[in-house]
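Close look at the chain arrangement
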Amino acid sequence: MLLQQIEGDQGSRSWVLPGGGLSPGESYQEAARRELAEEVGLREIELGQWVWRRTSEFAFRGVRYRQRESFYVAHVSRFTFDHSGLEDIEVGVVLDHRWWSVDEIESAHNEVFWPRRLAELLRPLVAGDMPTEVIEAGE
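Residues numbered from 1 in each chain as written. Predicted model: local features only at pLDDT ≥ 70, side-chain atom pairs only at ≥ 80, totals over all residues. Heavy atoms only, no water.

Further remarks concern the nonpolar core. Formed by 17 residues in total, the largest nonpolar core has its most connected members in Leu3, Trp52, Trp100, Ile105, Phe113, Leu118 and Leu122. Put simply, the parts of the chain that give this core at least two residues each are strand 3 (46-60), strand 4 (63-75), helix 2 (102-107) and helix 3 (118-126). Contacts of leucine 118, omitting those with residues within four sequence positions, involve Leu3, Leu17, Trp52, Ile105 and Phe113. (Core = buried A, V, L, I, M, F, W, Y, C linked by side-chain atoms within 4.5 Å. Buried < 20%, exposed > 50% of the residue type's maximum accessible area, 1.4 Å probe, protein only. Helix = DSSP H or I, 4+ residues; strand = E, 2+ residues; numbered from the N terminus. Contact = heavy atoms within 4.5 Å.)

Here is the structure:
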């Protein structure tokens, strides 16, 4: 699982899936492809099934946001990260990228992951058990 570490408004750090907001007229799938290209340099992607959704509320640069998130399975080969596409507002907020296994996420007790149930949600996907309906990922 590819995750990116971000720094929150008050210096908190957490690991999230790469992604971001929708541009006007853009679908969630189009946004996922664009954000992966911008944030990690991934341009060749096989975007798969929509598996999770959640509503997230957070502060970013002093502004409160409430956003609806859609999560898709994407199959990619390992690649070299390219952060040159980060927007100016993201520079300094996106701190790192890393490949994680489900076991590593479960055992990383000093790290914060979003969604909080990430390891629990991932385990069936890694085993090839795709949900028949989109799952509410929660906080």
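A separate point is helix 3. Inspection of helix 3 places Leu118, Ala119, Leu121, Leu122 and Leu125 among the buried residues, and these make up the whole buried set. Looking down the long axis of helix 3, one finds its buried residues gathered within 160° of arc, a one-sided arrangement. (Arc of directions from axis to C-beta.)

Put simply, tryptophan 114 and proline 115 share a cis peptide bond, and its omega is -5°. On the secondary structure map, proline 115 appears in the loop between helix 2 and helix 3.

What follows covers the sheet that holds strand 3. Strands sit in the order 4-3-6 across an open sheet of three strands; the sheet is mixed. Both edges of this open sheet fall to strand 4 and strand 6 (135-136), since each of them pairs with a single strand only. Pairing of strand 3 with strand 4 involves twelve bridges; the strand directions are antiparallel. By the bridge assignment, arginine 53 is partnered in strand 4 with serine 70. Each of strand 3 and strand 4 is contacted by helix 1 (residues 28-40), which is oriented at about 85° to strand 4, the strand it contacts most. With respect to the sheet, helix 3 is in contact with strand 3, strand 4 and strand 6, its orientation differing from that of strand 3 by roughly 175°. (Pairing = 2+ DSSP bridges. Axes fitted to C-alpha atoms, helices over the stretch in contact; angles between N-to-C directions.)

Moving on to the side chain of glutamate 26. For glutamate 26, the position within the fold is in the loop between strand 2 (13-16) and helix 1. Polar side-chain contacts of glutamate 26 include one of 2.8 Å to the backbone nitrogen of serine 23. (Polar contact = N/O pair within 3.5 Å; in protein donor to acceptor, adjacent residues only side chain to side chain.)

The next thing to look at is helix 1. Across its 13 residues, helix 1 extends 18 Å between first and last C-alpha, which sits within 8% of the 18 Å expected from 1.5 Å per residue. Restricting attention to buried positions, one finds in helix 1 the residues Ala31, Glu35, Leu36, Ala37, Glu38, Glu39 and Val40. Considering only its buried residues, helix 1 is in contact with strand 1 (2-7) and strand 5 (94-99). (Expected span 1.5 Å × (residues − 1).)

Under the definition given, this model contains ten salt bridges. We note a salt bridge from glutamate 69 to arginine 54, for which the minimum N-O separation is 2.6 Å. Within this pair, whereas glutamate 69 is found in strand 4, its partner arginine 54 is found in strand 3, the two being separated by 15 residues in sequence. Comparing glutamate 69 with arginine 54 shows no difference in burial state: the two are buried. For glutamate 120, the salt bridge is made with arginine 117, and the minimal N-O distance between the two is 3.3 Å. Look at glutamate 120 and you get exposed, because its relative accessible area is 51%. The partly exposed category is assigned to arginine 117, whose relative accessible area is 31%. Salt bridges sharing common partners tie together Glu26, Arg34, Glu35 and Glu38. (Salt bridge = Lys/Arg side-chain N within 4 Å of Asp/Glu carboxyl O.)

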